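# What the coordinates show
Listed below, chain by chain, are the residues.
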Amino acid sequence: MNTGQGIRGQTMLAAVYHGPNDLRVEQYPIPQIGPDEALLRVESSTICGTDLRILSGGHRQYPEGTVRIPGHEVVGEIVAVGESVVGVEVGQRVFVAPNMSVGFSREAVRGDNNLSKHFAALGITLDGSFAEYMRIPAAAILQGNLIAIPPDMDAATAALIEPFACVLRGQKPLNIQVGEVVVIMGAGPIGVMHVMLARLHGAGHVIVSEPVVERREQVLRFGADLAVPPEALAETVEKVSHGEGADVIVVATPIHAAQETSLHIAAIGGRINFFGGLPKDQPTINFDSNADDALFQAVVA
Ligand SMILES: [Zn+2]
């Protein structure tokens, strides 16, 4: 049994955020753990779009003056556990889900930890995984954030559990039905995951809008029926849906115009998910709250 003290008095290499566009790879103390916590040796940590937003200074959880280690898509090995931790052992290889609730909330009870009033997350509000070691708080252990993975599973692949879980969760309320017209805006890694999952949900047509030619070609190999530049999207949706509009739209890009366009190309009763967040200093879009059933026709006319 480990004493739960972590690795005392040593430092590790970490990529530390010191301010907008100021990420320093430097020596940083190895985190000490409490009796109800664990220490992870990081094997693989994926770079997320959120990390790029953090780096640019555009993330609201990184206000001015924040010094913190980002990174929240992580796989590693448990190298120390506190004496009161049950069910987690040194030597276990785990994927770590980053979001937790640090106190009671209705959201957490129904499983929406990421929406909790008392939200905390590794790499977002707490030090994360762009480091050799990461502290796993008690809340994460108790809420089931540590998920054992097989010893032979590729670490970089396993780290993608986090973004894929977000995609899965994002599509759940969209309730994609067999045969529906689905639009994915943005063909980055997240957009590609949305395409693949929409296909598995039985989408009839999956249309992707994406400005980059190579990404359009790539997403066709991952199951999209059509991949068009953004300026051709409305016309394409009009044709494919016979003027009805898209049943489901996922905006997987942090672009204001994309979010606004989605409101214009949705079918009556269509469902939209704004998956990519907008920058914190420009978080609003224009929205015609009087939009009616003539809107789609009006826009493409
Ligand atoms: Zn992420």
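Quick caveat: nothing in here was measured; it's all calculated off a predicted structure.

## Looking at the sheet that holds strand 4 (residues 73-81)
What the five strands build is an open sheet, ordered 8-3-4-5-9; its pairing is antiparallel. The outermost strands of the open sheet, each flanked by one partner alone, are strand 8 (133-136) and strand 9 (146-148). Each neighbouring strand pair of the sheet contributes to a mean axis angle of 45 degrees, computed without reference to strand direction. Two strands pair when backbone bridges link them, and strand 3 (residues 38-46) and strand 4 are joined in this way by eight bridges, in the antiparallel orientation. The residue of strand 4 that forms the bridge with Thr46 is Glu73.

## With respect to the sheet that holds strand 11 (residues 205-209)
Strand order in the open sheet formed by five strands is 12-11-10-13-14, with parallel pairing between adjacent strands. A strand with exactly one partner marks an edge of an open sheet, and here the two such strands are strand 12 (226-228) and strand 14 (266-274). Each strand axis lies, on average, 20 degrees off the axis of its neighbour in the sheet, ignoring direction. Relative to strand 12, strand 11 runs parallel, the two being bridged by three bridges. Bridged to Val208 within strand 12 is Ala227. Helix 8 (residues 233-240) contacts strand 10 (181-185), strand 11, strand 12 and strand 13 (246-251) of the sheet and is inclined by roughly 170 degrees relative to strand 11.

## Considering the coordination of the zinc ion
Only Cys48 (SG), His72 (NE2) and Glu73 (OE) from the protein reach the zinc ion as donors, at distances of 2.1 to 2.4 Å. In primary sequence terms, the donor set of the zinc ion follows C-x23-H-E. Side by side, His72 and Glu73 carry an identical accessibility label, which is buried.

## Focus on the side chain of Thr46
Position of Thr46 among the secondary structure elements: in strand 3. Overall, Thr46 belongs to the buried group, its relative accessible area being 19%. Dropping the residues within four chain positions of it, Thr46 is found in contact with Asp51, Glu73, Phe130, Ala156, Ala159 and Leu160.

## Overview of the pattern of salt bridges
Summed over all chains, the structure comprises 10 salt bridges. Arg110 is paired through a salt bridge with Asp112; the nearest N and O atoms lie 2.9 Å apart. The class of Arg110 is exposed, set by a relative accessible area of 53%. A residue is classified by how much of its surface remains accessible, and Asp112, at 12% relative accessible area, is buried. Connected through salt bridges with shared partners, the residues Arg110, Asp112 and Arg169 form a single ionic network.

## Side note on the nonpolar core
Judged by nonpolar contacts, the single largest core of 19 residues is most densely connected at Leu40, Ile78, Val96, Met134, Ile136 and Leu146. Elements supplying a minimum of two residues to this core: strand 3, strand 4, strand 5 (93-96), strand 8 and helix 3 (138-142). Setting aside its immediate chain neighbours within four residues, Met134 contacts Pro31, Ala38, Leu39, Leu40, Val42, Val74, Val96, Leu122, Asp127, Gly128 and Ser129. Within the second largest apolar cluster, 17 residues are counted, among which are Ile176, Val182, Val248 and Val250.

## As for the domain arrangement of the protein chain
Here the protein chain is partitioned into domain 1 (11-159) and domain 2 (167-300). For domain 1 and domain 2, the distance between their C-alpha centres works out to 31 Å. Each side of the interface is counted separately: domain 1 has nine residues, and domain 2 has five residues. Interface area, domain 1 with domain 2, both sides summed: about 430 Å², of which 37% is carbon and sulfur. On inspection of domain 1 and its partner domain 2, the count reaches three residue pairs in polar contact (both at pLDDT 80 or more). Of the residues in the side of domain 1 that touches domain 2, the class split is two nonpolar, four polar and three charged.

Calculation rules
- Residues numbered from 1 in each chain as written.
- Predicted model: local features only at pLDDT ≥ 70, side-chain atom pairs only at ≥ 80, totals over all residues.
- Heavy atoms only, no water.
- Pairing = 2+ DSSP bridges.
- Helix = DSSP H or I, 4+ residues; strand = E, 2+ residues; numbered from the N terminus.
- Axes fitted to C-alpha atoms, helices over the stretch in contact; angles between N-to-C directions.
- Contact = heavy atoms within 4.5 Å.
- Donors = N, O, S within 2.8 Å, 3.2 Å for Na, K, Ca; no water.
- Buried < 20%, exposed > 50% of the residue type's maximum accessible area, 1.4 Å probe, protein only.
- Salt bridge = Lys/Arg side-chain N within 4 Å of Asp/Glu carboxyl O.
- Core = buried A, V, L, I, M, F, W, Y, C linked by side-chain atoms within 4.5 Å.
- Domains from an automatic or database assignment.
- Buried area = accessible area lost by both parts, 1.4 Å probe.
- Polar contact = N/O pair within 3.5 Å; in protein donor to acceptor, adjacent residues only side chain to side chain.
- Nonpolar A, V, L, I, M, F, W, Y, C, P; charged D, E, K, R; others polar.

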